[in-house]
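Single-letter residue listing:
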Amino acid sequence: MAGVTYEHVWKKFGDFVAINDLNIKIEDKEFLVLVGPSGCGKTTALRCLAGLEEVTDGKVMIGNNVVNDVPPKDRDIAMVFQSYALYPHMTVYDNMAFGLKLRKLPKADIQKRVQTAAEILGIEMLLKRKPRELSGGQRQRVAVGRAIVREPKVFLFDEPLSNLDAKLRVQTRAQISKLHQGLQTTFIYVTHDQVEAMTMATRIAVMNKGILQQLDTPQSLYDRPNNLFVAGFIGSPSMNFFPAHIRKDGGSLFVDTDINKVKIPDEKASTYAHLEGREVIMGVRPEDIHNPMFAPSNIHAEPIEATVDVTELMGNEIFLYLVSGKNNFTARVDPRTRFTIGEKVQMVVNMDNFHIFDPSVDKENPAAVR
C-alpha cells in the first residue's frame, strides 16, 4: 500500500501541453477521481503514473520512490482499462491467473488468489467460461479481478464503466466503492462522468486543458467551486449562469440581470460590496430555483420572471427549462407544479445559495468571489 505524488509534472506532445505543472498528493488508501472533459489530461496523468507515457518534466512518486524511470511492470500497480482487454481464447480463471503465472508464483498461491478475488466480485461460478459467454458487466468484473489478484500498492481505473449501460453502471460503481472499502488500497480513477466522481471519490481532482482546476472533497466542490469551470462541470443538471451587474439601491445590494433584480441578503452584502457597478456572473443551481407555491419557508427567496420553454417530468421532481430575456436556465421543482409550455411564471431564487464569479481577471474562467 502506498500514496502517490505528482510533483510539478509536465507532459508535452511536441508543442501541445497535455499536462501543465500538475501537483497532487494522494494519500495511502484514498479513492481519488480525476475528472474533466475529453482532452483535459486526466488519462495522460494516469498513464504517466502507470509508466505508459514518459513524463516530460517533474516527478511521479509511489510511496517515497520516484518512478519516472521505473518500468511499468516494476511499479507495483494494476490497471483496469475502458476496454476489458481479456484474452478471448482463455477461460476467466486463466485470464485472471495469467499475470501471476508470468511471475512464476506457486500454483497453490495462484489458485488461492484467483478464488478469493472471484468470491469478492461474485464471479466464482464463471471461472470456467470464456469471455464471449459473459455479459459486459461480467467481463468488467473479470478485468477488475485480474487487477485484484496482483495485490498491487495502487489500483488505476481508466473509465472502466464507459461500455456499460446506465443501470449496470450504477451497480458496478457501487461494487467498486465497496471493493475499495474492503481492500483498503489506494484507488485512482479516471472518468468524464461527474456523477461517478461525486458518488465514489474521497476527493476529486477537476482538470481542464491540462491544468488542475480544483482538488477537494465532492461536497466542497459542489458547495464552493473555485471558478466558473468547476461550478459548471460539477452538478447535474449543471449550474445556471446569469451575466449581471452588482447594483446598490436604497442601502441594499442587488444582482441585476437587466430582466430581474434580486437582493443579496444583508449578512452577505459585505462580501460583494467591492464589486458595485462591476460586471459579474451569478451562478444558481437548479435546485435553488423554486416554484413559489412549494418553496421552503426558511430561505431568502427573491422573485424572478420567466417563461416556460420545456418541462420534463422525472417522477419525484420536474425539470423546468425557462427563458428570461437572453438567459436560458433550469429549475428542479416540486412534482406538484403544473406549469405549461409558453406560460409566463414567477419563480423564486434561494439567495442563501448563490455564487458570484468575477470575470475581470480571467474572462474565460472567472474566479469565484468569497
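On a predicted model such as this, the values are computed, not experimentally measured, just so you know.

A. Looking closely at the overall build of the protein chain. Each helix and strand counted, the protein chain has nine helices and 21 strands in total. Taken over 370 residues, the protein chain has a buried fraction of 48%. The contacts of the protein chain with a sequence gap of at least 6 include a subset with a gap of at least 24, amounting to 66%. With the model as given, the accessible surface of the protein chain reaches about 17,900 Å², and the carbon-plus-sulfur share is 49%. Between the mean site of the 45 positive side-chain charges and the mean site of the 45 negative ones, the protein chain shows a separation of 8 Å.

B. Layout of the nonpolar core. Residues Met 96, Phe 157, Ile 176, Tyr 189 and Val 206 are the most contacted members of the largest nonpolar core, which totals 44 residues. In contact with Tyr 189, other than residues within four places in its own chain, are Phe 31, Leu 32, Val 33, Leu 34, Phe 157, Pro 160, Leu 161, Ile 176, Glu 196 and Met 200. By size, the runner-up hydrophobic cluster in this structure holds 31 residues, among which are Val 262, Leu 275, Ala 331 and Phe 339.

C. Focus on the packing of aromatic side chains. Using the criterion set out here, one finds eleven aromatic pairs in the structure. Plain terms: the ring middles of Phe 157 and Phe 187 are 5.1 Å apart, the flat faces sit at 35° to each other, and that makes the pair tilted. Of the two residues, Phe 157 sits in strand S7 (residues 154–158) while Phe 187 sits in strand S8 (residues 186–191), which places them 30 residues apart along the sequence. Residue Phe 157 is classed as buried on the basis of its relative accessible area, which comes to 0%. In this structure Phe 187 comes out as buried when scored by relative accessible area, which is 0%. The positively charged end of Arg 285 is found above the aromatic ring belonging to Tyr 222, 3.9 Å away from the centroid.

So, how was this worked out
- Residue indices begin from 1 for each chain and proceed along its sequence in written order.
- The model is predicted, so local features are restricted to residues of pLDDT at least 70 and side-chain atom pairs to those at 80 or more, both for listing and for counting; the totals for chains, interfaces and linings are taken over all residues.
- Note that the side-chain values use all heavy atoms of the structure and ignore hydrogens as well as water.
- Strands are runs of DSSP state E lasting at least 2 residues, helices are runs of H or I lasting at least 4, and numbering of each runs from the N terminus.
- Relative accessible area decides the class of each residue, using a 1.4 Å probe on protein chains only: under 20% of the type maximum gives buried, over 50% gives exposed, and in between gives partly exposed.
- Any two residues having at least one pair of non-hydrogen atoms within 4.5 Å are treated as being in contact.
- The Shrake-Rupley method, run with a 1.4 Å probe, gives the accessible areas here. Residue values count only the displayed protein chains as cover.
- Charge assignment in this entry is limited to Lys and Arg as positive and Asp and Glu as negative, and neither His nor the chain termini are counted.
- For this purpose, a charge sits on NZ of Lys, CZ of Arg, CG of Asp or CD of Glu.
- Throughout this description, the term nonpolar core refers to a set of buried Ala, Val, Leu, Ile, Met, Phe, Trp, Tyr and Cys residues connected via side-chain atoms within 4.5 Å.
- We call Phe, Tyr and Trp rings a pair once their centres come within 6.5 Å, taking the six-membered ring for Trp, and we label the pair stacked below 30 degrees between planes, edge-to-face above 60, and tilted otherwise.
- Two thresholds decide whether a charge sits over a ring: the Lys NZ or Arg CZ must be within 6 Å of the ring centre and within 35 degrees of the ring normal.

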